[in-house]
Amino acid sequence: MLKIFSVCCFFLIITNGFSQNLMPYDWELTLNKDSIKNKKQSINLLLSWERQGLSYLSPSGELSNVFHILKTQTPIDYTLEVNLLSKVDDIYINGNYIDGNFTTKFIWSATPDYQSKKIKIPKEYLNFGQNNTITIGCSNYSYTGGKSQNKVLLNPENSIPKSKIELLFNANQHLFNDSQEVSFKFNTTANSDGNINLLIRNDYLDTLLIKKIPVKKGKQVQTIDLKQEKFPAGFYEIIATLKDQGYTGTMGWFTISPTKIKKSSTAPSGFYEYWNKALNELHAVEPQYKITKVDSLCTEKRNGFVVEMKSIGNITISGYYFVPKEKKKYAAILNLPGYGYGFEYLNEFLKAEDDVIELAICVRGHGLSKTGFTTDFPVPGFIGYNICDVNNIAYRQIYMDGIRALEFLSSRDEVDQSKIGVIGGSQGGGLSLMVAGLAPELVSACAYFDPFPADLKNHIKIRTLIEDELKSYLKYYNYACDFETAVNTFDFLDTKYFAKNINCPTFYATGLMDDDCPPRLGFSTFNEINAPKEFKIFPNDSHIGESNWKKDAMSFFKKQFDF
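Residues numbered from 1 in each chain as written. Predicted model: local features only at pLDDT ≥ 70, side-chain atom pairs only at ≥ 80, totals over all residues. Heavy atoms only, no water.

(A) Region of interest: the overall build of the chain. On a plain count of helices and strands, the chain comes out with 9 helices and 28 strands. If one aligns the C-alpha atoms of the chain with their principal axes, the spans along those axes are about 85 × 50 × 50 Å. Within the span of the chain, comprising 563 residues, buried residues form 58% of the whole. Considering only intrachain contacts with a sequence separation of at least 6, the fraction spanning at least 24 residues in the chain is 75%. Accessible surface for the chain amounts to roughly 24000 Å². Of this, 48% is attributable to carbon and sulfur atoms. For the chain, the separation between the mean place of its 61 positive charges and that of its 62 negative charges on side chains is 4 Å. (Helix = DSSP H or I, 4+ residues; strand = E, 2+ residues; numbered from the N terminus. Buried < 20%, exposed > 50% of the residue type's maximum accessible area, 1.4 Å probe, protein only. Contact = heavy atoms within 4.5 Å. Areas by Shrake-Rupley, 256 points an atom, 1.4 Å probe, with all protein chains shown as cover. Lys, Arg positive; Asp, Glu negative; His and termini not counted. Charge placed at Lys NZ, Arg CZ, Asp CG, Glu CD.)

(B) Main features of the layout of surface pockets. Taken as a whole, the second largest pocket spans an internal volume of roughly 1000 Å³. Lining the second largest pocket are 41 residues, with Gln 41, Ser 42, Gln 52, Gly 53 and Leu 54 positioned closest to its centre. Taken together, the elements giving at least two residues each to the lining of the second largest pocket come down to strand 1 (4-5), strand 2 (26-33), strand 3 (36-44), strand 15 (194-202), strand 16 (207-215), strand 18 (234-243) and helix 6 (466-476). In terms of residue count, strand 3 provides more of the lining of the second largest pocket than any other element does, 5 residues in total. Partitioning the lining of the second largest pocket into residue classes produces 18 nonpolar, 12 polar and 11 charged. (1 Å grid on protein atoms, 1.4 Å probe; cavity = no way out; pocket = protein on both sides within 12 Å on 5 of 7 lines; lining within 4 Å. Points joined across faces, edges and corners; volume = space filled by probe spheres on them. Nonpolar A, V, L, I, M, F, W, Y, C, P; charged D, E, K, R; others polar.)

(C) Main features of the state of the cysteines. If you walk through the whole model with that rule in mind, you get 1 disulfide. The partner cysteine of Cys 388 in its disulfide is Cys 481, sulfur to sulfur 2.0 Å. Of note, the bridge from Cys 388 to Cys 481 carries an S-S torsion of about -75 degrees and is left-handed in sense. Separated by 93 residues along the polypeptide, Cys 388 in the loop between strand 24 (357-362) and helix 3 (394-411) and Cys 481 in the loop between helix 6 and helix 7 (483-491) bring together distant segments of the chain. Sulfur of Cys 362: no disulfide; nearest cysteine sulfur belongs to Cys 298 and is 17 Å away. Relative accessible area serves as the criterion here: at 0%, Cys 362 is assigned to the buried category. Unpaired in this structure, Cys 504 has its nearest cysteine sulfur neighbour in Cys 446, at a distance of 5.5 Å. Here Cys 504 falls in the buried class, since its relative accessible area comes to 2%. (Disulfide = S-S within 2.5 Å.)

(D) Expanded view of helix 6. Along helix 6, the residues classified as buried are Ile 466, Glu 469, Leu 470, Ser 472, Tyr 473 and Leu 474. Taken together, the buried residues of helix 6 touch helix 5 (456-462) and helix 7. With its phi angle positive at about 55 degrees, Asn 478 sits one or two positions after the end of helix 6.

(E) Structural view of the sheet that holds strand 17 (residues 218-225). Spatial ordering of the open sheet is given by 12-14-17, a layout of 3 strands whose pairing is antiparallel. Here the strands that pair on one side only, and so sit at the sheet edges, are strand 12 (164-168) and strand 17. With strand direction ignored, the average angle separating the axes of adjacent strands in the sheet is 15 degrees. Bridge count between strand 14 (residues 183-190) and strand 17: 8 bridges; the pairing is antiparallel. Considered in strand 17, the bridge of Phe 184 is made with Ile 224. (Pairing = 2+ DSSP bridges. Axes fitted to C-alpha atoms, helices over the stretch in contact; angles between N-to-C directions.)

(F) Structural view of helix 8 (residues 519-526). Extensive coverage of helix 8 is indicated by the burial of 8 of its 8 residues. Pro 519, Arg 520, Leu 521, Gly 522, Phe 523, Ser 524, Thr 525 and Phe 526 are the residues of helix 8 that are buried. Tucked into the core, helix 8 has its buried residues touching strand 18, helix 4 (427-438), strand 26 (445-451), helix 5, strand 27 (506-511) and strand 28 (533-538).

(G) Examining the nonpolar core more closely. Membership of the largest hydrophobic core comes to 87 residues, with the highest contact counts inside it found for Trp 275, Tyr 321, Met 400 and Leu 409. Element by element, the count of residues in this core is highest for helix 3, at 10 residues. Setting aside anything within four residues of it in sequence, one finds Trp 275 in contact with Tyr 395, Arg 396, Tyr 399, Met 400, Leu 438, Phe 492, Leu 493 and Phe 498. Grouped together as the second largest cluster of nonpolar side chains are 33 residues, Met 23, Leu 45, Leu 54 and Ile 98 included. (Core = buried A, V, L, I, M, F, W, Y, C linked by side-chain atoms within 4.5 Å.)

(H) Here's a closer look at the pattern of salt bridges. Inspection of every chain in the model, using the stated rule, returns 24 salt bridges. The salt bridge partner of Arg 520 is Asp 203, with a shortest N-O separation of 2.7 Å. Of the two residues, Arg 520 is situated in helix 8 and Asp 203 in the loop between strand 15 and strand 16; the sequence distance between them amounts to 317 residues. The exposure classification of Arg 520 matches that of Asp 203, with both residues buried. Where Lys 559 meets Glu 534, a salt bridge forms, and the shortest distance between an N and an O atom there is 3.2 Å. Note that Lys 559 is positioned in helix 9 (residues 549-561) and Glu 534 in strand 28, a separation of 25 residues in sequence. The class for Lys 559 is exposed, based on a relative accessible area of 53%. Connected through shared salt-bridge partners, Arg 51, Arg 201 and Glu 237 make up one network. (Salt bridge = Lys/Arg side-chain N within 4 Å of Asp/Glu carboxyl O.)

(I) Quick look at the side chain of Asn 44. When you line up the elements, Asn 44 lands in strand 3. Here the side chain of Asn 44 touches Leu 46 through a polar contact of 2.8 Å, landing on its backbone nitrogen. Apart from residues lying up to four places away in sequence, Asn 44 is in contact with Tyr 25, Asp 26, Gln 52 and Ile 239. (Polar contact = N/O pair within 3.5 Å; in protein donor to acceptor, adjacent residues only side chain to side chain.)

Here is the structure:
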């Protein structure tokens, strides 16, 4: 239930010595559609574009805001610092053109180095003692994976902001086993008395709590106790803005009893018959395994090969195969790829020192296997390919590629058949779950990170822009079916329904800030697994996996397979 706590009014005071960001984090975005500005929505730059329903499919728009500078004896110039993961078409302050026509591209890195654009704002452009307006024309909203790198800051020229706010948890992994345990701390340094504007929402974007918390000038630590709120099992987003002489903000996530999240849907009628038919089609194709040693893939520790095999539809798929040089039987791990990724970067395999066999399979349309399957990008891509034809949708064939790769490992003399593992993140996570559930007799351990496709009906509710993506696929195919039919088609791809058949030890890693494949999806699947299982939460990780979840996954395999 929404609760609002009121405190006394807060007045912004700015002096000549002020050195604090004056730009609020909350903006209004007016989207252009058919050249008519007809849709407005609130945007908070502490949050990713995706969390707010924006993507490459969204129309161009105009961000607008109002900021206030109190009158001073000697007006001074200011610096506008801009980093927006989009194309910035133009910036205006009080009707004055400031800059434009520049783009900041997303950097897939655990430690991205974004270079903000710093623009001098002459004092003549500013209204001292009254409100000022700023508009930013923008388009091509970039993927982020869950962490917002967006910022628009306004500070006196050559100043250093002093205020700060930190969100601190005592709970390991930001995990609470019961709603009665939920608490966190704000560590603040304020230039003056002010307050924290606190907003808490669940992953479905439902607002649960709005609160203003008084803050004293200087350093202060305050504990926020939420046990009286009695939040159910789930995932919760904290957005907090410290407002003293200006604005500074933070955000974060916590979870309550994720293993108690209940199943939201059941497998569609005919699900298991559908996949048994696909397996029969696969097994009607002679695999014709071919293995070729490649000197550039060989290291001091392991020999490297390129392998080829025939999969469903008689399509050839390929992958990279690494085998320790000493001749004996080894545990083997099947690496399954993320969406569109063909293991173009092989350093993790070339630098490996462990006595383990690894196969990095490129499913059709990916890497070495691109020629066997083509689709347009980004629409319909793999997920939208033949969206209205459940028997010819791309993932039916891609799933069988994963099974064929597993069967290759099970055919090899150098592989210990009792020690075959599967691993992957995102699409690779979904493929790992599918392989472990559809061929449980061949898989001895499974490790996955924030999987896709998984719990798709919840995915649509949480990542709201998926509805736009689905509609773009339907448009591509001239609306050969309606939206509901497309969703029902995707239900046959949902890897959550394979989970109950998994009978091997399983490790799940998740990032709480992942808004591409949010953690609810992975836990919905995890909770259906009846085999021994464990999980690890990386509370500050997005879909990028900044903390290197795979290191923990490999430790899990070492424990299972003793290598």
